[in-house]
Amino acid sequence: MKNKMLHTVPDTYKKRSELRTLINSFIGSRSLRPPLSMDDLSSLADGMIKEHFLDPEIKGWMMVEINNCVWLETVSSVPYEKRILLLPKCLSNSLKCEAEVDDLGLLCHRCNRCSIPDLQDKADSLGMMSLVAEGFTSVIGLIENRVVDVVIGVSCLESLEKAFPLLINNAVPGLAIPLNKAGCKDTDVDLNYVSSLMSMLSDNEITLLDYNHLKSTIREWFSTDNLKRLLSPAMEQTSQISVDWLGGDGKRWRPYLLAATYQALSHDNEFPNAVQLAAVAVECFHKASLVHDDIQDNDSERYGKQTLNSAYGVPVAINVGDMLLGEGYRLLVETGTMELIKVASEAHIALCKGQGMELEWSLSPRSLTMDFVIDIFCNKTVPAFDVSLIMGIICSGDDLALRDVLHKYSRALGIAYQLLDDIEDFETDQPVELRPSSVLAALCEQSADPVFIETLLHTENVKTFLSLPENKPLLLAAISRVEQMADSYRDETLNALQEVSNIELKRLLFRIAKRILN
């Protein structure tokens, strides 16, 4: 298991305290901003163990404490009332505990036969919520709904091995304090350490992004009434179809990324009209590209419904797509920021070039190279992420250096996403159409047999052909290569975030990468 946590805890309070001091010094000498990935934490722990000749068996404990160290400043900047203390039931006295357990957890009787009441009293005195329950999953919902912003949790390393990646992958601000022994019964923890972490409070109060409020705001932006207000009067069929299509199904990743980037950089909970206009514009461009894609691919269904070309015919669908492009550029003009129009038009041109490369190859299939396929990804897929992030930066006042950083992030994310999408084609029962994909390129590059390549490029059902016994090993080898490439670009995506100093922006992009690529 990659980055498997070892469960050994330093055996004395003195050793644990000395190691925590050493970790603070080690991390303090580096310019690190949370969140860090599991790979980052593993690498840092390995580095410390090697540099200070420490026991490799405590690596898991060190990864947890390193993560605590990196999050300390952020956690201390969150008000007490927006924190929750999570304690395990196993801190109780198993022989004398009289507490009941319900769906929410253990209901302590304050009998003072264990450390739980002292810690809960401490939380109460600070105005902090507390809960005695097993596992961090019990508080994820509270965090997602902004009941609390931070979790301070006590748990054994065995439980942390399961819960820790969940906290890491969701970029949850929090501290995890490992129990000093395992066993799920009559355990103990360094009480003074837990108390000190609970008490920390910085004068530099921060505001964390409210993702649910953001999603609600975006839903309102794409309501029928709001779209009719923003777009040209819907007096005829094309305008009416455009409003329905723009406000219909879809994840709205692009407007979400734009608005969230603006909010993370500006620290403004209210959106100026220009941000709304830019967000709707970027979705106009996306929905227009889908209409034109469906026509070019002769698709009859999207989102489980008829495509526009299927429902209204190709001429009407083309006209709707063209109208949405026009609406998008008109909305950007209304922002009064020419740079937004420049960025959008460059992305539009790149998309057309990438689509053109794919169409041209499909009309005349020939042996593929991976470079050619990656070039298509960079034109077709990368701008989908890049343009939203860059426009969010521009709306917040612009930052050319940050633009460069997020372009690296978008490029790696877009390529990784497309590589995984290509692999997924071979994990379903659906037939695979012939198109310039990374799996196909890997097959072409690894085969020296021109007859195999010629047959592959002119077969009606790619998946059936590659499932033949003599071809299956070649397919598996090609998929393995693409998986390795996807892992490499996934790492590159997260590595790009090391240059992002804004913690809320980094949290946002970390969450996006984990959700899209996992």
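Just above, that's the structure.
Residues numbered from 1 in each chain as written. Predicted model: local features only at pLDDT ≥ 70, side-chain atom pairs only at ≥ 80, totals over all residues. Heavy atoms only, no water.

Student: How would you explain the pattern of salt bridges if you had to name every residue and give the values?
Tutor: For side chains bearing opposite charge, pairing can occur when the charged atoms are close. Summed over the entire model, instances satisfying the criterion amount to 22 salt bridges. Of the charged contacts, one joins K342 and E346 as a salt bridge, the two residues approaching to 2.8 Å between their closest N and O atoms. Here the residue K342 and the residue E346 both occupy positions in helix α15 (residues 338–363), the gap between them amounting to four residues, near one helical turn. Under the relative-accessibility criterion, K342 is labelled partly exposed at 41%. Note that K380 and E358 form a salt bridge whose closest N and O atoms lie 3.5 Å from each other. On the criterion of sequence distance, the pair formed by K380 in helix α16 (residues 370–380) and E358 in helix α15 is long-range, its members being 22 residues apart. (Salt bridge = Lys/Arg side-chain N within 4 Å of Asp/Glu carboxyl O. Helix = DSSP H or I, 4+ residues; strand = E, 2+ residues; numbered from the N terminus. Buried < 20%, exposed > 50% of the residue type's maximum accessible area, 1.4 Å probe, protein only.)

Student: Describe the sheet that holds strand β1 (residues 83–87), naming the residues involved and giving the relevant values.
Tutor: Overall, parallel pairing links the four strands, which are arranged β4-β1-β5-β6 in an open sheet. Looking along the sheet, the strands with just one partner apiece sit at the ends: β4 (129–132) and β6 (174–178). Strand after strand, the sheet turns through a mean of 15° between neighbouring axes, direction not considered. Note: β1 against β4, four bridges, orientation parallel. Looking across to β4, one finds that L85 is bridged to S130. Strand contacts of helix α6 (residues 157–169): β5 (150–155) and β6, with the helix running at about 160° to β5, the strand carrying the most contacts. (Pairing = 2+ DSSP bridges. Axes fitted to C-alpha atoms, helices over the stretch in contact; angles between N-to-C directions. Contact = heavy atoms within 4.5 Å.)

Student: Lay out the packing of aromatic side chains in plain terms, naming residues and giving numbers.
Tutor: Summed over all chains, the structure comprises six aromatic pairs. Residues W221 and F271 carry aromatic rings whose centres are separated by 5.4 Å and whose planes lie at 75° to one another, so their mutual orientation is edge-to-face. Here W221, found in helix α8 (residues 211–221), pairs with F271, found in the loop between α11 (253–266) and α12 (273–297); they are 50 residues apart in sequence, far enough to count as distant. Both residues of the pair, W221 and F271, belong to the buried class. Relative to F271, the ring of Y262 lies with its centre 6.0 Å away and its plane at 45°, an arrangement referred to as tilted. The burial state of Y262 is the same as that of F271; both residues are buried. Of the aromatic side chains, those joined through ring pairs into one cluster are W221, Y262 and F271. One residue, R20, lies across the ring of Y193, its end atom 3.6 Å from the ring centre. The ring of W245 carries the charged tip of K287 above its face, separated from the ring centre by 4.9 Å. (Phe/Tyr/Trp six-rings, centres within 6.5 Å; stacked < 30°, edge-to-face > 60°. Lys NZ or Arg CZ within 6 Å of the ring centre and 35° of its normal.)

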